[in-house]
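Coordinate inspection notes
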Amino acid sequence: MFARTLFDPEHDAWRAEVAAFLSAEITPHHDAWVAARKTPRAAWAQAGAAGLLARALPPAYGGAGRDFRDSAIIIEELARHRVHGLFTCLQSDIVAPFILRLGTEAQKMRLLPGIAQGEVLAALALTEPQGGSALSTMTTTARSSGDSLVLNGCKTHISNGSVADVVIVAAKSERGSIGDQPGLSLILVETERPGVHQEAIEKTGMAALDTGQITLTDCVVPRSNVLGGEGMGFVYLMSFLGVERLVLAIYAQACSERLLQDLIRDCDARHTPNGSVLDHQNPRFSLAELYSDCAVNRSFIDQCIPLVQEGRFDPKQACIAKLRTTATLKKLAALGVQLRGAGGISGETGARASQDLLDASVQSIWGGTSEILLDLIGRSMASGL
Ligand SMILES: Cc1cc2nc3c(=O)[nH]c(=O)nc-3n(C[C@H](O)[C@H](O)[C@H](O)COP(=O)(O)OP(=O)(O)OC[C@H]3O[C@@H](n4cnc5c(N)ncnc54)[C@H](O)[C@@H]3O)c2cc1C
């Protein structure tokens, strides 16, 4: 693989700090969190105190004012340390940017410092039970009632959904409609409000990361809780989902690199009567193919990261990055079970390999399934390479 050139010594020092924090404070507990299907809330505050949350937020809002490369380092180190329960990028790089870029000064001052400290847990709620792939069929509504909006609907499979204190809810609204198509608004909903019900969803992949269902029944919020312009939600989502997909691609790529390294080591160490597993052509070729995919994906991702900082990042690049990295990860995770033989499904190594396969399966679903990404890429092809 090419030597990485996008980080400077300050970034390297930050990576060492993040790695030390994860090794000392998080990794020793993470398997227990996976077994319990729960990450303690206190871990978020620990991450906040260590500066892992909202790294890119300006200091006035509790952040460190650093660039996206610092965030990329955190995401990579989470993957390298096999951590998903404390998915800090959800809070820092997926939810906080909506508030930072669209919020009023009052909204920012009210929410961002708590998000940066890990005292306020936040979520982004788009998906509904009838299907997450078709955002346009969303049925959650925000009805006008004087200076308030009345929300009704259900959001499902929301990361941090059962534990979040504040949720950005996408809902159809009267304002912003075009013809008979209603507008979509992004609305901050504090979960302590009457009419909000949160429930955890049990799942097998990424088990330590909370995933919840949020039901809104005649939930009244002040109109001042709308983020940005009322009815402008689709436009905002199209711009913000690109960075979300890149974040997920960075995580998938770093997961792939960890899986690949571990698998090559184990195949080299495992002796069959006529050589190590790696001495056989078929396993060696399978690994070589995925090694090559990883190398090409790494170059693509490293081209994307600085573009976010420069504001030149194209959502199509995000679709390609997430599509490719998650496809490679899934192939590697399946090979990780196969090439370890019975050891891929038994004992400590087998438990890890099987869990890696389940965790990898999540990654080609969340943030837009691979099928939807292909559709988006396919539709944009006519505009050229
Ligand atoms: C662990 C986890 C965390 C998540 N976190 C969040 C979150 O924080 N916020 C949030 O809003 N959502 C979240 N999601 C939801 C996620 O975004 C959706 O699961 C995803 O968008 C797919 O929606 P769906 O599950 O309803 O599948 P469906 O939309 O029902 O799709 C089912 C299958 O049909 C395919 N399909 C559907 N439509 C088409 C089409 N037009 N063309 C081709 N194939 C199609 C899909 O690709 C998929 O394979 C999370 C999901 C998971 C698993």
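Residues numbered from 1 in each chain as written. Predicted model: local features only at pLDDT ≥ 70, side-chain atom pairs only at ≥ 80, totals over all residues. Heavy atoms only, no water.

In an α-helix there are 3.6 residues to a turn, and that puts residues three or four apart on one side. Relative to the 21 Å expected for 15 residues at 1.5 Å per residue, helix H4 (residues 88-102) spans 21 Å between its end C-alpha atoms, a close match to the ideal helical length. Largest kink in H4: about 45°, centred on Ala96, with the proline Pro97 one to four residues after it. Most of H4 is tucked away: twelve of the 15 residues are buried. When we look at burial in H4, the residues that qualify are Thr88, Cys89, Leu90, Gln91, Ser92, Asp93, Ile94, Val95, Ala96, Phe98, Ile99 and Leu102. (Helix = DSSP H or I, 4+ residues; strand = E, 2+ residues; numbered from the N terminus. Expected span 1.5 Å × (residues − 1). Bend = angle between axes of the 7 residues up to and from the residue. Buried < 20%, exposed > 50% of the residue type's maximum accessible area, 1.4 Å probe, protein only.)

Of all residues adjacent to the ligand, which total 18 residues, the nearest are Thr127, Gly132, Ser133, Thr369 and Glu371. Between the ligand and Leu124 there is a distance of 2.8 Å, counted from a nitrogen atom to a backbone nitrogen or oxygen. A distance of 2.8 Å separates a nitrogen atom of the ligand from a polar atom in the side chain of Ser159. Starting from 970 Å² of accessible surface for the ligand in isolation, the protein chains cover 64%. Among the elements of the structure, strand E1 (122-125), strand E3 (148-159) and helix H10 (370-380) are those that each provide at least two residues to the shell around the ligand. Here the shell around the ligand gets three residues from one element, more than from any other, and that element is E3. When residues of the shell around the ligand are assigned to domains, at least three map to each of domain 2 (123-231) and domain 3 (235-383). (Near = heavy atom within 4 Å. Polar contact = N/O pair within 3.5 Å; in protein donor to acceptor, adjacent residues only side chain to side chain. Areas by Shrake-Rupley, 256 points an atom, 1.4 Å probe, with all protein chains shown as cover. Domains from an automatic or database assignment.)

So yeah, pure geometry; function would need other evidence.
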